[in-house]
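Residues per chain are reported as follows:
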Amino acid sequence: MTERMTDDPVALRSRLLCWFFGGVMARRLRRGFHAVRLARPGWPVLPPGRPVIVYLNHPSWWDPALLIVMGTTRFRGRPGFGPIDGEMLRRYRFMRRIGLFGLEPGRAGSVTFLRTAEHILADPRAMLWITAEGAFTDPRRRPVTLRPGIAHLVRRTPSALVVPLAVEYPFWDERTPEALLRFGEPMEAASFADLPVPEIAADLEGRLEMVMDQLALDAQCRDPARFLTLMEGTVGVGGVYDLWRRARAWAGGRAFSAAHSEGQRRMPEREVKRP
């Protein structure tokens, strides 16, 4: 095998390992979050036979786990890929087997990123996930600023669909945070083909910022009804506090719910034990 093939993320990607790590990350999300929620109206409509570029903000190191789970569940029919810091990839080489490829600093690294991304998107089933801010950034920071590589890539892949995705992890009423997502409307990369790269970048930034602002309003409402709940995770405070709440619920004839926001629901009459 040549050195080039050794570094080829398409050749290295293992469906079995992607499925395995998708399950591992799903378990971690359940332990780390109260719930994973997708803002309505929900999933983007992605016609088959078109490669997809999803670009998102980058608020936390939880982002890759969230993307791996989405890629191996909702979008399991599309081979998923994403760039990661080159030094991190050298330390954890197994990540090459789950669709990740190295991102190096400087002009040479940018050229390699574009060539690799174009190679991936030559497959009409492919889905490329890019945390386009390039570094951890607070989701309320404005204006939204993206690395220039995403604009160059969109201009060079006119067959692709481009989808903005907003992510944030606020605390609501539980001891663990919520993982919240909102997709924007898919765009035709071909519509940017004749624009200068700075104009493409400004348009992509503006569209992502709009989706992030919409998600921020959803998050501030603290209303689960505004979301589709994709995964339920950890509830309750735990320890002595939850033991005390459970005892009070039992003494008062109420069903105990560990969820802080639900309170303690009144038990149906047939469940109440009477002397």
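See the structure shown above.
Here's a quick rundown of the structure. Every value quoted in this text rests on a predicted model; they were computed, and no experiment measured them.

Now for the environment of Gly149. Within the secondary structure, Gly149 is located in helix H7 (residues 149–156). For the pair Gly149 and Phe113, spaced 36 residues apart in the sequence, the C-alpha separation amounts to 7.9 Å. Beyond its immediate stretch of four places on either side in the chain, Gly149 contacts Phe113 and Leu114.

For the rest of this paragraph, the subject is unusual backbone geometry. Of the consecutive residues Arg40 and Pro41, the connecting peptide bond is found in the cis state with omega at 15 degrees. Structurally, Pro41 is set in the loop between strand S1 (35–39) and strand S2 (52–56). Pro143 follows Arg142 through a cis peptide bond whose omega is 0 degrees. Positionally, Pro143 belongs in the loop between strand S5 (127–131) and H7. Here Arg222, not a glycine, exhibits a phi torsion of approximately 55 degrees, which is positive. You can see Arg222 is positioned in the loop between helix H8 (197–221) and strand S9 (227–232).

Time to look at the packing of aromatic side chains. Under the definition given, this model contains eleven aromatic pairs. A connected cluster of aromatic rings, assembled from ring pairs, spans Phe33, Trp61, Trp62 and Tyr169. For the cation-ring pair, Arg13 lies above Phe81, with the distance from its terminal atom to the ring centre recorded as 5.7 Å.

Here we take up the side chain of Asp8. Secondary-structure assignment places Asp8 in the loop between helix H1 (3–6) and helix H2 (9–12). On the basis of relative accessibility, which here comes to 10%, the residue Asp8 falls in the buried class. Only 3.0 Å separates the side chain of Asp8 from the backbone nitrogen of Val10, close enough to count as a polar contact. Within the structure, the side chain of Asp8 is placed 3.0 Å from the side chain of His119, a separation counted as a polar contact.

It helps to recall that an α-helix has 3.6 residues per turn; residues three or four apart then point in one direction. Given a rise of 1.5 Å per residue, 25 residues ought to cover 36 Å, and the 37 Å separating the end C-alpha atoms of H8 matches this to within 8%. Listed as buried for H8 are Val197, Ile200, Ala201, Leu204, Glu205, Leu208, Val211, Met212, Leu215, Ala216, Asp218 and Ala219. Just beyond H8, the residue with positive phi is Arg222, at close to 55 degrees.

Cut-offs and rules
- Residues numbered from 1 in each chain as written.
- Predicted model: local features only at pLDDT ≥ 70, side-chain atom pairs only at ≥ 80, totals over all residues.
- Heavy atoms only, no water.
- Helix = DSSP H or I, 4+ residues; strand = E, 2+ residues; numbered from the N terminus.
- Contact = heavy atoms within 4.5 Å.
- Phe/Tyr/Trp six-rings, centres within 6.5 Å; stacked < 30°, edge-to-face > 60°.
- Lys NZ or Arg CZ within 6 Å of the ring centre and 35° of its normal.
- Buried < 20%, exposed > 50% of the residue type's maximum accessible area, 1.4 Å probe, protein only.
- Polar contact = N/O pair within 3.5 Å; in protein donor to acceptor, adjacent residues only side chain to side chain.
- Expected span 1.5 Å × (residues − 1).

These figures come from the coordinates and say nothing about function on their own.
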